[in-house]
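Architecture at a glance
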Amino acid sequence: MLQNYPAERLISVKKFSLVLALIFTACSAPSLSPTALNPAQSGPIQRFSTRQANSAQSGFAVALQAVQKLDPQAQLYEIDIWQETSGKSLQYGFLPGTAGKNQALRVYIDVESQAVKVEEAAQGTQTQLVNREYWKLDSEEIYVRAQANGLQDNTYLATLWEDTWHISGLKQHLYFQMDAQHGAVKLRCIGPYLDNCTTGDGNPVKNLPSRGMSAHLQARQLKH
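This structure is a prediction, so every number in the text was calculated from the model and none was measured.

Rules behind the numbers
Residues numbered from 1 in each chain as written. Predicted model: local features only at pLDDT ≥ 70, side-chain atom pairs only at ≥ 80, totals over all residues. Heavy atoms only, no water. Salt bridge = Lys/Arg side-chain N within 4 Å of Asp/Glu carboxyl O. Helix = DSSP H or I, 4+ residues; strand = E, 2+ residues; numbered from the N terminus. Buried < 20%, exposed > 50% of the residue type's maximum accessible area, 1.4 Å probe, protein only. Phe/Tyr/Trp six-rings, centres within 6.5 Å; stacked < 30°, edge-to-face > 60°. Lys NZ or Arg CZ within 6 Å of the ring centre and 35° of its normal. pLDDT = per-residue confidence, 0-100. Contact = heavy atoms within 4.5 Å. Pairing = 2+ DSSP bridges. Axes fitted to C-alpha atoms, helices over the stretch in contact; angles between N-to-C directions.

Overview of the pattern of salt bridges
Scanning all chains against the criterion turns up five salt bridges. A salt bridge links Arg 106 to Asp 80, with the nearest nitrogen and oxygen atoms 2.5 Å apart. Within this pair, whereas Arg 106 is found in strand E3 (residues 104-110), its partner Asp 80 is found in strand E1 (residues 75-84), the two being separated by 26 residues in sequence. Taking the shortest distance from any N to any O, the salt bridge between Lys 117 and Glu 119 comes out at 3.4 Å. Residue classification places Lys 117 among the partly exposed positions, given a relative accessible area of 46%. Judged by relative accessible area, which is 35%, Glu 119 ranks as partly exposed. One salt-bridge network, in which partners are shared between bridges, spans Glu 78, Asp 80 and Arg 106.

Notes on the packing of aromatic side chains
Tallied over the full model, the rule gives three aromatic pairs. Their ring planes at 45° and their centres at 6.4 Å tell us that Phe 60 and Tyr 92 sit as a pair that is tilted. Placement of the pair is Phe 60 in helix H3 (residues 56-68) and Tyr 92 in strand E2 (residues 87-95), with a sequence separation of 32 residues. Side by side, Phe 60 and Tyr 92 carry an identical accessibility label, which is buried. One aromatic cluster is present, built from ring pairs that chain together Phe 60, Tyr 92 and Trp 135. Directly above the ring of Tyr 108 sits Lys 117, whose terminal nitrogen or CZ lies 5.3 Å from the centroid.

Description of the confidence of the model for the protein
With 73% of its residues at a pLDDT of at least 70, the protein reaches an overall mean of 79. Of all the helices and strands in the protein, helix H2 (residues 34-37) carries the lowest mean pLDDT, 30, while helix H4 (residues 139-148) carries the highest, 97. The low-confidence segment residues 1-5 (pLDDT under 50) makes two contacts with residues lying over four places distant or belonging to another chain. Every residue in residues 18-50 scores below 50 in pLDDT, and together they form five contacts with partners more than four places removed in sequence or on other chains.

A word on the sheet that holds strand E8 (residues 185-190)
Strand order in the open sheet formed by 10 strands is E4-E3-E2-E1-E5-E6-E7-E8-E9-E10, with antiparallel pairing between adjacent strands. With one partner strand each, in any of the chains shown, strand E4 (116-121) and strand E10 (204-205) form the two edges of the open sheet. Here five bridges tie strand E6 (residues 164-169) to strand E7 (residues 174-179), and the two strands are oriented antiparallel to one another. When the bridges of E7 are listed, Trp 165 appears paired with Met 178. Across the sheet, H3 touches E1, E2, E3, E4 and E6, and the angle it forms with E2 is around 50°.

Listed below in structure tokens is the structure:
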């Protein structure tokens, strides 16, 4: 019967049949969800950071891994960040997990070379552990906050003890105690002996015995 159809009519029939076939195929195919169309929306994509250890938080995992090879029960009690003209170093103090052992373990990370070493060292006067759950502000962030409050020295020592950052310029006679979670200034001291102190709201403080302040003053004098 198709032999009697004009050529133009046969072409129209074939086009119509092709359109019908496409419609039926689309209806019978499984529908694609939006997440299937866009894989980035189907769930979090795991990304691996290549950032080097250059701050208290970015270096902590490195230090913890290094010290646990020697003492799996060691616990963090101190972090020192030294920003000197010669370079920057991250130092992590860990109390030994073995009862009765007096020497602490100290991890040193040189920021420029990323070299890591662990040594036994005197624990010093600090006995309380760093409150790791409370600690939120990184050393870089605490330095920026100290700058906003008058620190102009680009060389500094920042120490984390318990729930407080202690930061002072190595050349500028200015020292802060700042909350490790939200950065509020607890204490601000000026002068060569850091003996002119005020609280965060500006009230003067006299004859304040501060182990942190004394330790910072002694460390600065040893370095310079």
